[in-house]
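# Coordinate analysis (summary)
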Amino acid sequence: MTTLIRQIISTGERPKYRVWHAYNPPHNMDFYAVESPEEARSLIDELAEADLADEAITSNAFGLEELEDGEYSEWCDEDGNDISAAKEA
């Protein structure tokens, strides 16, 4: 399995952006701090490749959330597209 360079967010951190990664839902959900939507897209691609290589993972989903006014909401670009439509830089 691919070695991920990012750390899973501990419960105390509140980064501006975080990638959520659900695998074999609803049982497993991880969050990863990222610096930008471009980094998020790269991380999601990396996580997806790792999931494909793991036969124990039968389904997955990903997204990017942005912290605004103390609350996380799904990130979207100026055209209203979510991270699944974002292009890698």
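Owing to the predicted nature of the structure, the values given are computational and were not obtained by experimental measurement.

### Focus on the packing of aromatic side chains
Scanning the model with the defined rule gives zero aromatic pairs in all. Lying across the ring of Phe-31, Arg-18 places its NZ or CZ 4.1 Å from the centre. The residue whose ring lies beneath Arg-18 is Tyr-72, and the NZ or CZ to ring-centre distance is 3.7 Å.

### Structural notes on the confidence of the model for the chain
Put simply, the chain has an average pLDDT of 83, and 82% of its residues get 70 or more. The low-confidence segment residues 1–6, where pLDDT is below 50, has 15 contacts with residues more than four positions distant or belonging to other chains.

### Structural notes on the sheet that holds strand 4 (residues 71–74)
Within the open sheet, the four strands sit side by side as 2-1-3-4. Their pairing is antiparallel. The sheet is open, and its two borders are formed by strand 2 (28–34) and strand 4, each paired with just one other strand. Going across the sheet, the axis of each strand differs from the next one's by a mean of 30 degrees, ignoring polarity. Summarising the sheet, strand 3 (residues 60–68) and strand 4 pair through four bridges and their orientation is antiparallel. Looking at strand 4, one finds that Leu-67 is bridged to Tyr-72.

### Regarding the pattern of salt bridges
Here the structure, examined in full by the defined rule, presents three salt bridges. Between Glu-66 and Lys-16 there is a salt bridge; the shortest N-O distance is 3.0 Å. Here the residue Glu-66 occupies a position in strand 3, and Lys-16 occupies one in the segment before strand 1 (17–23), the gap between them amounting to 50 residues. Lys-16 sits in the partly exposed class, given a relative accessible area of 45%. Across the salt bridge formed by Arg-41 and Asp-45, the nearest N and O atoms sit 2.9 Å from each other. You can see Arg-41 and its partner Asp-45 sitting in helix 1 (residues 37–53), four residues apart, about one turn around the helix.

Thresholds, definitions, all that
- Residues numbered from 1 in each chain as written.
- Predicted model: local features only at pLDDT ≥ 70, side-chain atom pairs only at ≥ 80, totals over all residues.
- Heavy atoms only, no water.
- Phe/Tyr/Trp six-rings, centres within 6.5 Å; stacked < 30°, edge-to-face > 60°.
- Lys NZ or Arg CZ within 6 Å of the ring centre and 35° of its normal.
- pLDDT = per-residue confidence, 0-100.
- Contact = heavy atoms within 4.5 Å.
- Pairing = 2+ DSSP bridges.
- Helix = DSSP H or I, 4+ residues; strand = E, 2+ residues; numbered from the N terminus.
- Axes fitted to C-alpha atoms, helices over the stretch in contact; angles between N-to-C directions.
- Salt bridge = Lys/Arg side-chain N within 4 Å of Asp/Glu carboxyl O.
- Buried < 20%, exposed > 50% of the residue type's maximum accessible area, 1.4 Å probe, protein only.

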